[in-house]
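Coordinate analysis (summary)
Each chain, written out:
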Amino acid sequence: MCRRKCEYKRLTVSQSLRFSKLRHDQLEDVIQLSPYISQTLNSNQWVQEVSGLLQHGVAVLKISHIITDRLAKIPLGQLNPQMNDLICRSTSMVVPRFDDLLRALAAPNVDIRLIEARVTSLTTTCWALVSPFYLLNPKYKESFGALIAEMELHQQFLQRAVQQVEFATSSANITATNEESNTELLTSSPPTKKPINEIKPPINQVVLPKNHDDGSKTEHKMAYLVDSSVSSIFEQLTPKEVRNVCIIAHVDHGKTSLADCLISGTGLISARFSGKLRFMDSREDEQTRGITMKSSAISLYYNPLMINLIDSPGHVDFSCEVHYALNLADIAILVVDLVEGVCSQTETLLREAIYSHVDIILVLNKFDRLVVELKMTEAEAFRHIRRLIELINSCVAQIIQGYLLEEDWQKFEATESSRHFDPTKGNVLFASAIHGYAFSLEDFVELWAPKMSIDKELLLRNFFADAYLTPNGIKPDAEAKGKRTVFEQLVLQPLWEVHKCGLIEKQLDKLKEFAKKLSIPPLKSRRIDDAFDEFMRLFLPLTRAAVRAIAKCKSPKETCAEDERLSIFVSPNNHRLWKALRFCDPEAEICVAYVAKLLLCDGKKVAMCRILSGRLVNGTLLYIVDSNQDQSSSITINNLYVLMGRELLPIKSASAGSICAFELDDLASIGTTLCSQPLTETLNLKSSLIEPLVRVSIRTEGDPEEWEKLRKSLRQLAMLDSAVRVFELENGELALVTSGEVHLQKCIQDLNDMGQTNISVSEPMVPFLETIIPDSQCSYAKILTEQLTECNLKNYGISFKLRSISLPDEIVKFLQQNDHILKRTREGIIEQGEHEEFRTSLLKICCETLPKLKGSWWYRKSEQELSSLIERIWSFGPFRAKYNILFNAIPDYDRPSIWRHSNSKLRQLDRAVIAGFDLAMSQGPLCDEPMQGVGILVEQWQIGEGLDDPEAAAQRLQDPQIYGQMISAVKQACKVALKKHPLRLVAAMHKCKIQSNSQALGKVHSVLAQRHAKVINEDTNETTGLFEIFAYMPIVESFSFCEQLRKRTSGMASAQMEFSHWQLIEEDPFWKPTTEEEIEEYGEKGDSINQALMYMNSVRKRKGIPTDEVIVVSAEKQRNLKRNK
Ligand SMILES: Nc1nc2c(ncn2[C@@H]2O[C@H](COP(=O)(O)OP(=O)(O)OP(=O)(O)O)[C@@H](O)[C@H]2O)c(=O)[nH]1
Ligand SMILES: [Mg+2]
């Protein structure tokens, strides 16, 4: 190790641009390059057109950095001398190659051939460097493999560019020679180098017509732009020229691959690697795991549109990120895998997109799988696609129905028809992101209508219908007559032929012939796989179809003018910003920005925001709007940027409608709303509803200084990731709460990246809830007497009687649905009459369920009694245990009901009763976990009883300690009352979807049983032929389940999990075998099989509460059965 470092030093001192200085993969290092690169760009006219190529060179520099940086950190231990020598020698080769490439990039006359040669040489030496590490330990193979592969991709792209240059030079020479021979007298100058843009195949220059109000048309051209042009265009944008788009989908349906294709359209990455590079997955763990973990944005210029594209994660642990992406965007691209179809997240995200009132484009992705994997015929594929679109439309209808529940039918119809997905409307695209193609019906109408001399309108109307072609025109009822539909004949048949030829039979010559027939420029790729992608990219470029669909959707100006969309940001009636935001006017006096999230990008701390009104210029002062504070603090915006995925591009200003970022000096909470005027009302954007559940405690091995650093890093983490909760417990424990296992791993990685490598993380802990259930064995008389708990505070002459009663699931569910009302009620900010509806519904549900609850106090209670109890609700539960109710059933205490906001006088110690109730509900009797579904009924409460002297009694009531005593008395009384009922644990459950082939089914079930999962459904998926098993599994049992499943089934089964609900565990944690048979079966204690007891004890142990567990009950000496010979 030491020797390696020395070698590094010796080799680098002589370099002008020192390798050792270029440490991290952040921009700061590459900034060192920027003067050279801009110098290069300025002095080379043609380079302007290929800045994308230069960026490949820069990317390779960066990767080589990351590699060497990481290698330097690997402890080599007792390495054998030959290996050490090998590593040192290859290290010494990297440095000069690195410098060569650096110089090539910085040279005044960039030659792409030279850069390609340098990149190849650097890549090869990097290979040489990492190979010994591969031999050392296979784990390095994975970590370096991805980086080397990425380097190779860049290298291949440059190789192709060189081919293009050579082709261009030779054709320029040929033309020149021809011209020379024909027009001898005119030839005076030598042949010049042809600009690279001229040799791009013409089809790459996507031209998209855009209709204006006045009927004129502009065209969207893909432009290869250098950074400076993008930033200057960005600064001059009007809201009409902007489209804010986010890509949403279930996990792995192809969002990032689709984003790749759109990025490649602007030349930022090579088209050849689009769909494979996953450019937006900039984190290392995203690349290695193959899933997106955060949403990231990039601005793409398709003349004259600026598309601000946000790629969001599909994994359920990161759904919070999608929520913010939808707030930022006006258009959602919903990607659905044609094979997997509608999955749980698809439905959830569709609902969220509809609720956010954004335009939705449906992209049916992985089209190639229908041919290659499922081997469907054209007719089967057509039926499959139609069914899938119908299914998605029925989801849409259901969502709208739920959302317009009380509204009129006409509105439902109008909303549904505007949301209806229909390929003929242009809001459905068919795509294969991995092969870079997509099409809408329009593409094929353009192709076929002139050839067949059919009216375009007519063809489009019948393209996706049950109609067929005849020489005399289009006829209906194709299916009934056994004919091929228009879609099958004109779309699927040619595509099937091309796919079979390119992906199954792999015939390059035949593919080239197809290209000729379709007048596609000659294919350059020599390998069939590349040739197929090239063919499809030229035939049906994804960018053309996607940008055309995006261009048809609303601009920020149009969306803000719609009341429904605007109401996502501000409430219509009384918000001061309503009028200002309506116009989305860049020239408006008031500047308002919505900050979606803070992030680290390019080594800088930035806030990602959408400008809702006015213009943001460097130097603008904005107030941080905080409704909880009277005095607004302010922030000066200094460094504005355009977000470019992994990088940032500086700009001077950004106008209303745009998504941009600005730098923060330090990560500090700046809220969601920034405004140029000091307001007190924030934008009323709802935060994501998902509460994180998986908790770990984090420790550092270091001294108090290290602990302080850890605290700081955790605070930063909570700011960067709003799905994370961080808190410090009274005992000094630092707790981190995340949405799930994958999210937890991401957070730990983040902490490591912040320099917290010396930390230990506890086993994940999952919260439980506690509840009581009715006891059907108990008679009503017993309930009345024995379940009543009395408490006396003799010193003060206070006595009260209370009882606990169980609330059924229906009521808990109802309370959950009306969470916001409970919150506002507790905060006392509820408006008069706001919960009229809530109260009546609550009473209705209570009357329907409670009187039927056998074995409980509620049994056969009259409607009148229930109604008076609901009227006299004292309080709902505290934040941690919201779904519990405190009832006032004291005849002589007519306190003002919770429903009426009143300042009238409460009885002394009224608040102490609520505080005692809150404490009892926050820490249940089983293991101090919060209670749920409990009612506490206070039946009697007397103050000053039994004290003869009223004056002395009054004086005692002034004792400052009385308040505390009363709280703890109520808390204890509640606990005693709860213990008079059967107590149960409630566990958080995951819903798992497991896909498995038939051979692995047995193993899947055994893993499920081991994890105490309950299978709810098992079926075969007709499309994929795989078994699909749905099961509920306690989250506490779910850690590393996916990994175990994969290992046990040798990869034949895979699982997806998401939070589903809270479920009562039927088992009684205190159950003991009583009958002889039970004792015989389970032993005297019977605790080995009691799952509830095991959960309870594990929580108790974690919290330091004593358990009844005995380590060894009756020890017996173990005999060694092995006999010594
Ligand atoms: N056959 C086929 N595979 C595809 C296609 N598009 C994407 N894939 C593959 O699907 C997998 C997931 O692709 P991603 O683009 O990472 O999916 P994603 O939706 O971004 O995934 P998350 O961000 O993790 O939710 C990758 O292995 C891709 O290669 C396609 O059109 N056809
Ligand atoms: Mg992704």
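Residues numbered from 1 in each chain as written. Chains lettered and ligands numbered in written order. Predicted model: local features only at pLDDT ≥ 70, side-chain atom pairs only at ≥ 80, totals over all residues. Heavy atoms only, no water.

**Observations regarding the overall build of the protein chain**
Along its length, the protein chain carries 38 helices and 35 strands. Across the 1125 residues of the protein chain, 52% fall into the buried class. Summarising the internal contacts of the protein chain: among those between residues at least 6 apart in sequence, 71% fall at separations of at least 24. For the protein chain, the accessible surface area stands at approximately 53,000 Å², while carbon and sulfur atoms represent 49% of it. (Helix = DSSP H or I, 4+ residues; strand = E, 2+ residues; numbered from the N terminus. Buried < 20%, exposed > 50% of the residue type's maximum accessible area, 1.4 Å probe, protein only. Contact = heavy atoms within 4.5 Å. Areas by Shrake-Rupley, 256 points an atom, 1.4 Å probe, with all protein chains shown as cover.)

**Focus on the packing of aromatic side chains**
The tally for this structure, following the rule as stated, stands at 23 aromatic pairs. Measuring from ring centre to ring centre gives 6.0 Å for F569 and Y594, while their planes differ by 65°; the resulting arrangement is edge-to-face. In this pair, F569 sits in the loop between α23 (563-566) and α24 (578-582) while Y594 sits in strand β12 (residues 592-601), placing the two residues 25 residues apart along the sequence. Each member of the pair, F569 together with Y594, is buried. Grouping aromatic residues by their ring pairs yields a cluster made of F367, F382, F430, Y437, F439, F444, F464, F487, W496, F535 and F539. Lying across the ring of F279, R646 places its NZ or CZ 4.8 Å from the centre. The positively charged end of K861 is found above the aromatic ring belonging to W857, 4.1 Å away from the centroid. (Phe/Tyr/Trp six-rings, centres within 6.5 Å; stacked < 30°, edge-to-face > 60°. Lys NZ or Arg CZ within 6 Å of the ring centre and 35° of its normal.)

**Notes on the site of ligand 1**
In the vicinity of ligand 1 lie 18 residues, with K255, T256, S257, T292 and D368 positioned nearest. For ligand 1, whose accessible area on its own is 650 Å², the fraction buried by protein is 85%. At the level of elements, α9 (255-264) and α13 (367-372) are the ones that each hand at least two residues to the shell around ligand 1. A total of 3 residues in the shell around ligand 1 trace back to one element, the largest contributor, which is α9. Split by residue class, the shell around ligand 1 holds 4 nonpolar, 8 polar and 6 charged. (Near = heavy atom within 4 Å. Nonpolar A, V, L, I, M, F, W, Y, C, P; charged D, E, K, R; others polar.)

**Some remarks on unusual backbone geometry**
Going from N303 to P304, the amide bond is cis rather than trans, its omega being 0°. If you trace the backbone, P304 turns up in the loop between β4 (296-303) and β5 (305-311). Located in the positive-phi region is H357, a residue other than glycine, with phi close to 60°. By secondary structure assignment, the location of H357 is in the loop between α12 (344-355) and β7 (359-365). The backbone of D477 sits at a positive phi, close to 60°, despite the residue not being glycine. Following the sequence through the fold, D477 ends up in the loop between β11 (473-476) and α18 (486-504). Overall, the relative accessible area of 42% leaves D477 in the partly exposed class.

**Considering the coordination of the magnesium ion (ligand 2)**
Surrounding the magnesium ion (ligand 2) are the protein donor atoms T256 (OG1) and T292 (OG1), which sit 1.9 Å from the metal. Residue T256 is located in helix α9, and its partner T292 is located in the loop between α10 (284-289) and β4; the two are separated by 36 residues in the primary sequence. T292 carries the same exposure label as T256, and that label is buried. (Donors = N, O, S within 2.8 Å, 3.2 Å for Na, K, Ca; no water.)

**Details of a negative patch on the surface**
Together, E1076, E1077, E1080 and E1081 line one region of the surface with negative charge. Mapped onto the elements of the fold, E1076 is located in helix α37 (residues 1076-1082). Owing to a relative accessible area of 69%, E1076 belongs among the exposed residues under this scheme. (Patch = residues over 30% accessible without salt bridge, like charges linked within 9 Å, V, L, I, M, F, W, Y side chains within 5 Å. Salt bridge = Lys/Arg side-chain N within 4 Å of Asp/Glu carboxyl O. Lys, Arg positive; Asp, Glu negative; His and termini not counted. Charge placed at Lys NZ, Arg CZ, Asp CG, Glu CD.)

**What to know about the side chain of K597**
On the secondary structure map, K597 appears in strand β12. For K597, a relative accessible area of 10% gives the class buried. Looking at K597, its side chain comes within polar contact range of the main-chain oxygen of S295, at 3.2 Å. Side-chain polar atoms of K597 contact the side chain of E321, separated by 2.8 Å. Apart from the residues within four sequence positions on either side, K597 is in contact with K294, S295, E321, V606, A607 and M608. (Polar contact = N/O pair within 3.5 Å; in protein donor to acceptor, adjacent residues only side chain to side chain.)

**A short note on the packing of helix α16 (residues 441-452) against helix α17 (residues 456-463)**
α17 packs onto α16 with a crossing angle of 135° between their chain directions and a minimal axis gap of 10 Å. Classified by the interaxial angle, the pair formed by α16 and α17 is oblique. Considering how the two elements wind past one another, α16 and α17 form a crossing that is right-handed. In contact with L441, F444, V445, E446, W448 and A449 of α16, α17 contributes K456, L459, L460 and F463. Of the residues belonging to the contact of α16 with α17, the class tally is 8 nonpolar, no polar and 2 charged. (Axes fitted to C-alpha atoms, helices over the stretch in contact; angles between N-to-C directions. Parallel < 35°, antiparallel > 145°, perpendicular 65-115°, else oblique. Left-handed = near helix turned anticlockwise from the far one by under 90°.)

**Some thoughts on the sheet that holds strand β29 (residues 873-876)**
Spatially, 5 strands are ordered β27-β28-β31-β30-β29 in an open sheet, and the strand pairing comes out mixed. Sheet topology places β27 (789-793) and β29 at the edges, where each strand pairs with a single neighbour. Taking each pair of neighbouring strands and ignoring which way they run, the sheet shows an average axis angle of 25°. Strand direction decides the pairing type here: β29 and strand β30 (residues 884-888), joined by 3 bridges, are antiparallel. Counted as the bridge partner of I873 is F887 from β30. (Pairing = 2+ DSSP bridges.)

**Observations concerning α9**
Burial analysis of α9 places 10 of its 10 residues in the buried class, which makes it a mostly covered element. All of the buried residues in α9 are K255, T256, S257, L258, A259, D260, C261, L262, I263 and S264. Among the structural elements, β3 (242-249), β4, β5, β6 (331-337), β7 and α21 (542-552) are those in contact with the buried residues of α9.

**Observations regarding the pairing of β6**
Most of β6 sits out of view: 7 of its 7 residues are buried. On β6, burial covers both faces: I331, I333, V335 and D337 on one face and A332, L334 and V336 on the other are all buried. Strand direction decides the pairing type here: β3 and β6, joined by 5 bridges, are parallel. Each residue of the ladder has a partner; that of I248, found in β6, is L334. Sheet topology note: the β6/β7 ladder contains 7 bridges and is parallel. Residue pairing across strands places A332 opposite I360, the latter belonging to β7.

**A look at the environment of L866**
For L866, the location among the structural elements is in helix α31 (residues 863-871). For L866 and L843, which are 23 residues apart along the polypeptide, the C-alpha to C-alpha distance reads 7.4 Å. Leaving out residues up to four positions away in the same chain, L866 has contacts with L843, C846, C847, L850, P851, W858 and K861.

**So, the pairing of strand β31 (residues 934-942)**
As judged from the 8 bridges shared by strand β28 (residues 798-806) and β31, these two strands associate in the antiparallel manner. Across the sheet, residue L802 finds its bridge partner in β31, namely V938. Summarising the sheet, β30 and β31 pair through 5 bridges and their orientation is parallel. When the bridges of β31 are listed, L886 appears paired with I936.

**Here we look at the confidence of the model for the protein chain**
Across the protein chain, the average pLDDT comes to 81, with 83% of residues at or above 70. Overall, residues 1-31 carries pLDDT values under 50, and its contacts beyond four positions in sequence, including any with other chains, amount to 57 contacts. Predicted confidence is poor over residues 170-226, with pLDDT under 50, and the contacts of this stretch with residues over four places away or in other chains come to 80 contacts. (pLDDT = per-residue confidence, 0-100.)

**So, the sheet that holds strand β22 (residues 694-700)**
Read across the open sheet, the 4 strands follow the order β23-β24-β22-β25; overall the sheet is antiparallel. The open sheet has two edge strands with one neighbour each: β23 (725-728) and β25 (759-761). Each neighbouring strand pair of the sheet contributes to a mean axis angle of 25°, computed without reference to strand direction. Looking at chain direction, β22 and strand β24 (residues 734-738) are connected through 5 bridges and run antiparallel. When the bridges of β24 are listed, R695 appears paired with V737. Each of β22, β23, β24 and β25 touches helix α25 (residues 704-720); the most contacted strand, β22, lies at about 150° to it. Lying on the sheet, helix α26 (residues 741-753) is in contact with β22, β24 and β25; it crosses β24 at an angle near 130°.

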